[in-house]
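# Geometric and topological summary
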Amino acid sequence: MKLKYGVCIVGLSAMLIGCGGVPEANSVNCAGRGMEIALQEFDNETERQAFVDGCNALAGEE
């Protein structure tokens, strides 16, 4: 039984670690605290500006 839980925990941990990456422009990431968190994830200004442009385009569609 312990082995089953251990495998489950390892699998879940691997999934959560693999969830990182560049955030995409969507309604959650482009509003308030979501944008603050998303902007911290970018390594360079070009990617950051592309994200902000995507948020602005998303806001223009509404």
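Residues numbered from 1 in each chain as written. Predicted model: local features only at pLDDT ≥ 70, side-chain atom pairs only at ≥ 80, totals over all residues. Heavy atoms only, no water.

## So, the pattern of salt bridges
Put simply, the rule is: The salt bridge definition used is simple: a Lys or Arg side-chain nitrogen within 4 Å of an Asp or Glu carboxyl oxygen. In this description a helix means any DSSP run of H or I spanning at least four residues, a strand means any run of E spanning at least two, and both kinds are numbered starting from the N terminus. The cut-offs for exposure are 20% and 50% of the maximum accessible area for each residue type, with area from a 1.4 Å probe on protein chains only; residues under the lower value are buried, those over the upper are exposed, and the others partly exposed.
This structure, assessed with the given rule, holds two salt bridges. The salt bridge partner of Arg 33 is Glu 36, with a shortest N-O separation of 2.9 Å. With a gap of three residues between them, Arg 33 and Glu 36 both fall in helix α2 (residues 32-40), about one helical turn apart. Take Glu 36: its relative accessible area is 45%, and that puts it in the partly exposed class. The partner of Arg 48 in a salt bridge is Glu 45, and the shortest N-O contact between them spans 3.0 Å. With Arg 48 and Glu 45 both in helix α3 (residues 45-61), this residue pair falls three residues apart, about one helical turn. For Arg 48, a relative accessible area of 26% translates into the label partly exposed. Glu 45 sits in the partly exposed class, given a relative accessible area of 48%.

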